[in-house]
Amino acid sequence: MDQRTRAAADRRRKFTIAIVAAVVGVAIVVPIAGSLLVQMFSSDAASEQSNQTPTSTAPPVYTIKPLSVRPVIAVEGVLPETCPPPGPSDPAVEVRVCDFTRTALYTLGPQGVALQLVRVDSLLSPITNGYIVQVAMNSESASAFADYTRSQVGKQIAFVRASTVVSAPQISEAVVGDLLQLSGNLTEQQSDEMARLLQDET
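My aim in this report is to walk through the structure given alongside it, one point at a time.

Analysis parameters
- Residues numbered from 1 in each chain as written.
- Predicted model: local features only at pLDDT ≥ 70, side-chain atom pairs only at ≥ 80, totals over all residues.
- Heavy atoms only, no water.
- Phe/Tyr/Trp six-rings, centres within 6.5 Å; stacked < 30°, edge-to-face > 60°.
- Helix = DSSP H or I, 4+ residues; strand = E, 2+ residues; numbered from the N terminus.
- Buried < 20%, exposed > 50% of the residue type's maximum accessible area, 1.4 Å probe, protein only.
- Pairing = 2+ DSSP bridges.
- Axes fitted to C-alpha atoms, helices over the stretch in contact; angles between N-to-C directions.
- Salt bridge = Lys/Arg side-chain N within 4 Å of Asp/Glu carboxyl O.
- Arc of directions from axis to C-beta.
- 1 Å grid on protein atoms, 1.4 Å probe; cavity = no way out; pocket = protein on both sides within 12 Å on 5 of 7 lines; lining within 4 Å.
- Points joined across faces, edges and corners; volume = space filled by probe spheres on them.
- Nonpolar A, V, L, I, M, F, W, Y, C, P; charged D, E, K, R; others polar.

**Notes on the packing of aromatic side chains**
- The full count for this structure, using the stated rule, is one aromatic pair.
- Both rings, one in F145 and one in F159, keep their centres 5.9 Å apart while their planes meet at 40°; by these two values the pair is tilted. Residue F145 is located in helix 2 (residues 139-150), and its partner F159 is located in strand 7 (residues 157-161); the two are separated by 14 residues in the primary sequence. Grouping residues by exposure puts F145 and F159 together as buried.

**Let's talk about the sheet that holds strand 6 (residues 131-137)**
- Taken in spatial order, the three strands line up as 5-6-9 in an open sheet, and their pairing is antiparallel. What marks the edges here is a single partner per strand, and that holds for strand 5 (117-124) and strand 9 (179-186). Ignoring which end each strand starts from, the neighbouring axes of this sheet average 15° apart.

**Side note on the pairing of strand 2 (residues 95-98)**
- Examined bridge by bridge, strand 2 and strand 3 (residues 104-108) share four bridges and lie antiparallel to one another. Of the residues in strand 3, the one forming a bridge with V97 is Y106.
- The loop that links strand 2 with its antiparallel partner strand 3 comprises five residues; one of these, R102, has a positive phi angle of about 60°.

**Here we look at the pattern of salt bridges**
- Considering all chains together, one arrives at five salt bridges under this definition.
- With its nearest N and O atoms 3.5 Å apart, the salt bridge here joins D200 to K65. With a gap of 135 residues between them, D200 in the segment after helix 3 (188-198) and K65 in the loop between helix 1 (3-51) and strand 1 (67-77) connect regions that are remote in the sequence.
- Of the residues examined, D200 reaches a relative accessible area of 28% and is grouped as partly exposed.
- A salt bridge links R150 to D147; the nearest nitrogen and oxygen atoms lie 3.0 Å apart. In this pair, R150 and D147 are both assigned in helix 2, three residues apart and thus about one turn of the helix distant.
- Overall, the relative accessible area of 47% leaves D147 in the partly exposed class.

**A word on helix 3**
- Among the residues of helix 3, those classed as buried are S191, M194, A195, L197 and L198. For helix 3, the angular spread of buried residues about the axis comes to 165°, placing them on one side.

**Some thoughts on empty space enclosed by the protein**
- Under the definition given, this model contains one cavity of 30 Å³ or more.
- Of the volumes computed, that of the largest cavity is approximately 30 Å³.
- Along its surface, the largest cavity is lined by L67, L115, L117, V135, F159, L180, L182 and L198.
- Here the residues of the lining of the largest cavity sort into eight nonpolar, no polar and no charged.

Structural data, given as structure tokens:
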């Protein structure tokens with residue numbers, strides 16, 4: 001092999017070695033770079049996860065006072081001036097209080113349940129074209145009221161606010177659900193007054 005042939009062969013070997021070295025270099029760099037990226041991503045994710053604070057659902061805040069519900073023992077018609085003045089009463093004892101129109105005097109048994117109301121509205125019913133008071137309560141109160149009314153079927157109960165009977169419906173069946181509609185030939189003024197009493201705020 002002459003000198004020119006040997007020189008050409010040497011150049012080809014150097015070129016081949018350079019290509020192989022470059023390919024090996026790429027093969028080495030890519031996995032390392034991938035490993036570094038995975039490590040960086042994992043580190044960032046762990047850091048982000050560690051920086052996240054656990055969230056908890058805050059209990060709802062109610063602005064309406066719980067509404068006392070008592071069984072009706074007796075009721076009699078009275079004149080407004082003969083009604084006892086409203087005052088604080090012990091939920092565990094029997095009481096005698098008037099309704100908000102001050103025309104009926106109720107004897108009520110101890111409180112049967114207290115309802116947490118969330119909304120009260122005075123409305124004109126599109127069905128009866130009469131005024132009603134619609135009351136919404138929370139789920140716990142709805143469940144408790146269903147149980148209580150189930151035990152009071154055929155009896156009369158009273159919704160009492162500030163030692164005043166706001167409404168005294170007759171229970172014909174268990175009342176299920178979180179919405180109540182109080183009616184009874186109410187005038188607009190009476191409906192508004194009932195709603196005002198029921199949504200007494202804390």
